[in-house]
Amino acid sequence: MNHSHRILAIDDDPLTLHIVEHMLQKHGYEVFTAGNGHHGLELARVLKPDLVILDIMMPGLDGFQVCRKLRENPETAVITVLMLTARGADRQTGQRPGGFCPAGARPA
């Protein structure tokens, strides 16, 4: 495994961020966290992570809006995004951000 992979986790729940950060660091990943969508977008632009783990349901910019903005920006459009949520939000809202296809998706 390449230990230089950068991962950005964006979630408004501090406990979830702590768990994700701890588990990924334990496996050698460089992990950055953001507590909201605006901060996450800024970090994504600056850090250019290999992966963004993104909560769907957040106040302010939700995960769908963050993902859409990442896809619209040429600097961040190629970043892989993993949508993470405790609920089946795509079924509730019917929304699909650019570059995200929930076909066959199940809540984590």
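Placed above this text is the structure.
These remarks concern the structure in this document. The numbers attached to residues start from 1 for each chain and follow its sequence in the written order. Selection of residues for local features in this predicted model requires a pLDDT of at least 70, selection of side-chain atom pairs for listing and counting requires 80 or more, and totals for whole chains, interfaces and linings are taken over all residues. Neither water nor hydrogens contribute to the side-chain values; these are computed over all heavy atoms in the structure.

### Quick word on empty space enclosed by the protein
Rule in force here: Two kinds of site are reported from a 1 Å grid over the protein atoms alone, namely cavities, where a 1.4 Å probe fits but cannot get out, and pockets, open sets with protein on both sides within 12 Å along at least five of seven lines, and residues are called lining when an atom falls within 4 Å of a point. Grid points are joined across faces, edges and corners, and a volume is the space filled by probe spheres set on the points. A run of DSSP states H or I qualifies as a helix once it reaches four residues; a run of E qualifies as a strand once it reaches two. Both are numbered from the N-terminal end. When residues are grouped by polarity, Ala, Val, Leu, Ile, Met, Phe, Trp, Tyr, Cys and Pro land in nonpolar, Asp, Glu, Lys and Arg in charged, and all others, Gly among them, in polar.
Applying the stated rule across the entire model yields one cavity of 30 Å³ or more. Of the volumes computed, that of the largest cavity is approximately 30 Å³. The wall of the largest cavity is formed by Ala9, Ile10, Asp11, Thr16, Val20, Ile53, Leu54, Asp55 and Leu84. Of all the secondary structure elements, the ones that give two or more residues to the lining of the largest cavity are β1 (6–10), α1 (14–26) and β3 (51–55). Looking at the lining of the largest cavity element by element, the count peaks at three residues for β3. For the lining of the largest cavity, the residue count by class is six nonpolar, one polar and two charged.

### A word on the side chain of Asp11
Condition: Under the rule applied, a polar contact is a pair of N or O atoms within 3.5 Å (in protein, one hydrogen donor and one hydrogen acceptor; residues adjacent in sequence only if both atoms are side-chain atoms). Throughout, a residue-residue contact means that at least one pair of heavy atoms, one from each residue, lies within 4.5 Å.
Within the secondary structure layout, Asp11 lies in the loop between β1 and α1. A polar atom in the side chain of Asp11 sits 2.8 Å from the backbone nitrogen of Asp13. Residue contacts for Asp11: discarding those within four places in its chain leaves Thr16, Leu17, Ala34, Gly35, Asn36, Asp55 and Met58.

### Overview of the environment of Ala44
With respect to the secondary-structure elements, Ala44 resides in helix α2 (residues 37–47). For Ala44 and Ala34, which are 10 residues apart along the polypeptide, the C-alpha to C-alpha distance reads 9.7 Å. Not counting residues within four places of it along the chain, the set of residues in contact with Ala44 comprises Leu8, Pro49, Leu70, Thr76 and Ile79.

### A word on the environment of Leu84
Basically, it comes down to this: Each residue gets one of three labels from its accessible area relative to the maximum for its type: buried under 20%, exposed over 50%, partly exposed in between, using a 1.4 Å probe on protein chains only.
As for its placement among the helices and strands, Leu84 is situated in strand β4 (residues 80–84). The exposure class assigned to Leu84 is partly exposed, which follows from its relative accessible area of 25%. Taking the C-alpha atoms as reference points, Leu84 and Ile56, 28 residues apart in sequence, are found 6.5 Å from one another.

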